[in-house]
Amino acid sequence: MSMSFTDAIPEEIERAVKTSWAAFQKYKLLDLKERAAFLRLIAEKMEARRQPLLEIANRETHLPLERLQIEFTRTQFQLTSYAKACEEGTWLDIRIDTEKNLGTRIQPDLRKMLIPLGPVVVFGASNFPFAYSTAGGDTACALAAGCPVIIKAHPAHGQTSDLMAGCIKEAAQDRKLPEGIFIHIHGSGFEVGKALVMHPLTRAVGFTGSVEGGRALFDLAGQRPMPIPVFAEMGS
């Protein structure tokens with residue numbers, strides 16, 4: 001049976017996003033190898049808590065242990081895969097086009113690369129307590145890109161999410177990363193999610209779930225004075 005958790009209040013949400021934004025100013029400058037080491041350490045912390053995590057997830061979701069074991073290992077693979085990609089750096093798409101005299105015109109010096117956006121709000125999925133929730137693909141991707149993460153735990157497996165969050169926070173502390181790089185909150189109702197998406201300092205959303213839920217978040221993101229991207233896997 002799942003434990004009962006209290007929904008985050010507006011003041012808590014405000015503090016979470018502002019703390020995440022402050023952490024972003026430092027985390028976005030972190031060396032790629034340091035980010036990769038952080039992701040690998042999260043996978044190690046998970047391994048150290050494998051058995052209790054599996055037992056709690058099984059009790060909360062009633063999903064078979066065999067299925068949860070596969071998903072657990074898959075989540076660790078996601079973390080280490082993003083770590084490898086992160087430190088390789090090719091995804092930054094760095095381009096340097098030096099100034100050229102083309103006869104009829106001068107081609108200006110142009111240098112560009114992909115940069116992190118800022119705090120990413122990730123919504124835990126009801127039927128994937130590991131791979132598409134607290135430390136899943138969306139979280140791993142955002143952290144690899146240099147973006148802090150704010151997780152809204154799914155009420156179907158709140159205790160599992162809490163324990164997973166502990167792995168990430170402990171890894172962040174061990175790596176001496178800025179406070180606020182990862183924030184975990186609860187919210188069973190729509191209002192918590194709405195407040196997170198609409199906050200002016202939120203820069204992107206990750207969602208796995210129903211078409212209705214994903215569409216609602218997408219619409220909210222598009223209604224902001226400055227619209228933000230919503231990366232959603234909806235339905236199946």
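Please refer to the structure higher up on the page.
Trainee: Explanation requested: the packing of helix H2 (residues 32-48) against helix H6 (residues 158-174) in the structure shown.
Mentor: Relative orientation and spacing of two packed helices are given, respectively, by the angle between their axes and the distance between those axes. Remark: H2 packs on H6, axes separated minimally by 9 Å, with the N-to-C direction vectors making an angle of 135°. Between H2 and H6, the crossing angle belongs to the class labelled oblique. Judged by the twist between their axes, the crossing of H2 over H6 is right-handed. On H6, the residues touching Phe38, Leu41, Ile42, Lys45 and Met46 of H2 are Met164, Cys167, Ile168, Glu170, Ala171, Ala172 and Asp174. Here the residues of the contact of H2 with H6 sort into 9 nonpolar, no polar and 3 charged.

Trainee: Please explain the sheet that holds strand E9 (residues 230-234) as it appears in this structure.
Mentor: The strands making up a sheet are joined through hydrogen bonds of the backbone, oriented either antiparallel or parallel. Reading across from one edge, E7-E6-E5-E8-E9 is the order of the 5 strands in this open sheet, with parallel pairing throughout. Each edge of the open sheet carries a strand with a single partner, namely strand E7 (182-186) and E9. For this sheet, the mean inter-axis angle between neighbouring strands, taken without regard to orientation, is 15°. Sheet topology places strand E8 (residues 204-209) next to E9; 5 bridges connect them, and they run parallel. Considered in E9, the bridge of Gly209 is made with Met234. The strands that helix H1 (residues 10-27) touches are strand E6 (149-153) and E7; relative to E7, the one it contacts most, it runs at about 165°. Packed on one face of the sheet, helix H5 (residues 137-145) meets strand E5 (120-123), E6, E7 and E8 and runs near 165° to E6.

Trainee: What is the right way to read the environment of Phe207 from this model?
Mentor: Within the element layout of this structure, Phe207 appears in strand E8. Taking the C-alpha atoms as reference points, Phe207 and Leu53, separated by 154 residues in sequence, lie 22 Å from one another. Residues in contact with Phe207, not counting those within four places in the same chain, are Phe123, Asp138, Gly213, Gly214, Leu217, Phe231, Ala232, Glu233 and Met234.

So, how was this worked out
- Residues numbered from 1 in each chain as written.
- Predicted model: local features only at pLDDT ≥ 70, side-chain atom pairs only at ≥ 80, totals over all residues.
- Heavy atoms only, no water.
- Axes fitted to C-alpha atoms, helices over the stretch in contact; angles between N-to-C directions.
- Helix = DSSP H or I, 4+ residues; strand = E, 2+ residues; numbered from the N terminus.
- Parallel < 35°, antiparallel > 145°, perpendicular 65-115°, else oblique.
- Left-handed = near helix turned anticlockwise from the far one by under 90°.
- Contact = heavy atoms within 4.5 Å.
- Nonpolar A, V, L, I, M, F, W, Y, C, P; charged D, E, K, R; others polar.
- Pairing = 2+ DSSP bridges.

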